[in-house]
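Observations on the three-dimensional arrangement
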Amino acid sequence: LLVNHSISFQNLSFFYENAEKPALKNLNFDIKKGSSIGLVGSTGAGKTTLVDLILGLLEPSEGEFKVDHAIIDEKNTRQWQKSLGYVPQDIYLVDASISENIALGIPVEKIDQSQVEKCAELAQVHDFILEELAHGYQTQVGERGVRLSGGQRQRIGIARALYHDPEVLVFDEATSALDNVTEKAVIEAVNILSHKKTIIMIAHRLSTVKNCDQIIYLEQGEIIDSGNYQELIERNPKFRNMAI
Ligand code: GTP
Ligand code: MG
């Protein structure tokens, strides 16, 4: 169970309580281990709802969400969540050092500092930490420490998700506050890992998901198209419009 990490959605629908329309409607698709998937669509399309289902925070109202052919339910949700690295749009920082924030949840004496720095490098935040923070990785952040910008927090969040070397990475607008050059560098660094990791990225900017193996285009809870960037650009005028 959960060794190959192939994810599949079968006839999956999701209704929020008291909602008239489904937030997700009859989705059918597979995500193969080691592939990268981009989720795009306008606001309210259902992207975050889909991510919450993947994270095991919501259960399908109809149909199935499976990993390695097993339905994810109360019995295996915890196990599944352990293989996930999740980067939400807003990164929560604790009142502790940069290292502790990256290795969140690990007691100080057990932090693998070389792993912290390796992940910070991949997340394009290592140079900032060394060059601009007075005490480097020991600098205190959070309420009582140095304040970081949205983009700096996002990169700490990405390093944090990488620290546990997850099988599956889920980014919900995780690079939205980065400039194009930094975003590209982060995505390239993460993609180098992606021969073994599955990557699921939500984005508003098409440039974020341009190199994904597969892009899923959601509108009002339905998949209206899917394919790689070039295929969608060529055949889908709505998708082309998003690119402008
Ligand atoms: P953006 O983050 O704005 O780009 O949208 P999204 O694509 O992530 O959409 P999301 O999955 O958040 O929402 C899909 C639909 O479900 C929308 O119609 C929302 O209004 C609705 N929705 C989202 N969260 C809730 C909730 O907690 N309760 C209810 N009733 N509806 C919700
Ligand atoms: Mg969202």
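Positions within a chain are numbered from 1, following the residues in the order the chain's sequence is written. Lettering of chains starts at A and numbering of ligands starts at 1, both following the order in which they are written. A pLDDT threshold of at least 70 governs which residues receive local features in this predicted model, and a stricter bar of 80 or more applies before side-chain atom pairs are shown or counted, although totals over entire chains, interfaces and linings include all residues. Side-chain calculation: all heavy atoms of the structure are included, whereas hydrogens and water are not.

Let us look at the layout of surface pockets. The space that makes up the largest pocket amounts to roughly 330 Å³. In terms of lining residues, the largest pocket is bounded by 15 residues, among which Y86, L104, R160, A161 and H164 are the most central. In this text, helices come from DSSP runs of H or I with a minimum length of four residues, and strands from runs of E with a minimum of two, each type numbered from the N-terminal end. With four residues, the single largest contributor to the lining of the largest pocket is strand β6 (residues 84-87). For this classification, Asp, Glu, Lys and Arg are treated as charged, while Ala, Val, Leu, Ile, Met, Phe, Trp, Tyr, Cys and Pro are nonpolar and the rest, including Gly, are polar. Here the residues of the lining of the largest pocket are counted per class, giving nine nonpolar, three polar and three charged. Cavity: a set of points on a 1 Å grid over the protein atoms alone where a 1.4 Å probe fits but cannot get out. Pocket: an open set with protein on both sides within 12 Å along at least five of seven lines, its lining residues, like those of a cavity, having an atom within 4 Å of a point. Grid points are joined across faces, edges and corners, and a volume is the space filled by probe spheres set on the points.

Next up on the list: the side chain of S13. Mapped onto the fold, S13 is located in strand β1 (residues 7-14). With a 1.4 Å probe rolled over the protein chains alone, any residue whose accessible area is under 20% of its type maximum counts as buried; one over 50% counts as exposed, and the rest are partly exposed. On the basis of relative accessible area, S13 is assigned to the buried category, the value being 5%. A polar contact is formed between the side chain of S13 and the backbone nitrogen of N26, at a distance of 2.9 Å. Think of a polar contact as two N or O atoms within 3.5 Å of one another; within protein, one of them needs to be a possible hydrogen donor and the other a possible acceptor, and neighboring residues in sequence only count if both atoms come from side chains.

With that out of the way, let us pick up the site of ligand 1. Throughout, near means a residue has at least one heavy atom within 4 Å of the molecule or strand. Around ligand 1 sit Y16, E17, A23, S42, T43, G44, A45, G46, K47, T48, T49 and H204, and those are all the residues in its vicinity. At a separation of 2.5 Å, an oxygen atom of ligand 1 approaches a polar side-chain atom of T43. Here an oxygen atom of ligand 1 sits 3.2 Å away from a polar atom, N or O, in the main chain of A45. Taking 660 Å² as the accessible area of ligand 1 by itself, protein coverage stands at 56%. When the residues that make up the shell around ligand 1 are grouped by side-chain class, the tally is three nonpolar, seven polar and two charged. Here the Shrake-Rupley method, with its probe set to 1.4 Å, supplies the accessible areas, and only the displayed protein chains count as covering residues.

Right, let's get into the environment of K196. In this fold, K196 is placed in the loop between α7 (180-193) and β8 (198-202). Spatially, the C-alpha atoms of K196 and G227 are 21 Å apart, while their sequence positions differ by 31 residues. Only heavy atoms enter the contact rule, under which two residues are in contact if any of them lie within 4.5 Å. When neighbours within four sequence positions are excluded, K196 is seen to be in contact with K33, G34, D165 and E167.

For sheets, the rule is that strands pair by backbone hydrogen bonds, running either parallel or antiparallel. A pair of strands is considered paired only if DSSP assigns at least 2 bridges between the two. If you walk across this open sheet you meet the six strands as β6-β7-β8-β3-β9-β10, and the pairing is mixed. Each edge of the open sheet is held by one strand with a lone partner, namely β6 and β10 (222-227). The sheet shows a mean angle of 15° between the axes of neighbouring strands, taken without regard to direction. Summarising the sheet, β6 and strand β7 (residues 168-172) pair through four bridges and their orientation is parallel. Paired with G85 across the strands is L169, a residue of β7. With axes taken as lines fitted to C-alpha atoms, and helix axes fitted only over the stretch in contact, angles between N-to-C directions fall between 0 and 180 degrees.

This paragraph deals with the packing of aromatic side chains. Two aromatic rings from Phe, Tyr or Trp, using only the six-membered ring of Trp, form a pair when their centres are within 6.5 Å; if the ring planes differ by under 30 degrees the pair is stacked, by over 60 it is edge-to-face, and anything between is tilted. Summed over all chains, the structure comprises six aromatic pairs. With a centroid separation of 5.2 Å and an interplanar angle of 20°, the aromatic rings of F9 and F65 are classed as stacked. Of this pair, F9 sits in strand β1 while F65 is found in strand β4 (residues 62-67), placing the two residues 56 residues apart along the sequence. Exposure class is identical for F9 and F65. Each is buried. Judged by centre distance (4.8 Å) and plane angle (85°), the ring pair of F14 and Y16 falls under edge-to-face.

We now examine the confidence of the model for the chain. For every residue, the pLDDT score states the predictor's confidence, bounded by 0 at the bottom and 100 at the top. When the pLDDT values of the chain are averaged, the result is 92; 97% of them are 70 or greater. In the predicted assembly, ipTM is 0.98 and pTM is 0.91.

Glancing now at the nonpolar core. Throughout, nonpolar core names a set of buried Ala, Val, Leu, Ile, Met, Phe, Trp, Tyr and Cys residues whose side chains join them through atoms within 4.5 Å. If you look at the biggest cluster of nonpolar residues, it comprises 47 residues, and the most contacted ones within it are I98, I102, I129 and F239. Take this core: its biggest share by element is six residues, from helix α6 (residues 150-163). Those residues in contact with I129, other than ones at most four positions away along the chain, are I98, I102, A120, G136, Y137 and I156. Counting residues in hydrophobic clusters, the runner-up holds 28 residues, among them F9, A23, I216 and L218.

For the rest of this paragraph, the subject is the sheet that holds strand β5 (residues 70-71). Strands sit in the order β2-β1-β4-β5 across an open sheet of four strands; the sheet is antiparallel. Where the open sheet ends on each side, the last strands, each with one partner, are β2 (24-31) and β5. Here β1 runs beside β2; their pairing, made up of five bridges, is antiparallel. Residue pairing across strands places F14 opposite L24, the latter belonging to β2.

For a regular strand, side chains alternate in direction, first toward one face of the sheet and then toward the other. For β8, the tally of buried residues reaches five of five residues, placing the bulk of the element in the interior. Judged by which residues are buried, β8 turns out to be covered on both faces: T198, I200 and I202 on one side and I199 and M201 on the other are all buried. Pairing geometry for strand β3 (residues 36-40) and β8, over four bridges, is parallel. Bridge assignment links S36 to a residue of β8, and that residue is I199. Bridging between β7 and β8 involves five bridges; their strand directions are parallel. What sits directly across from D172, in β8, is I202.

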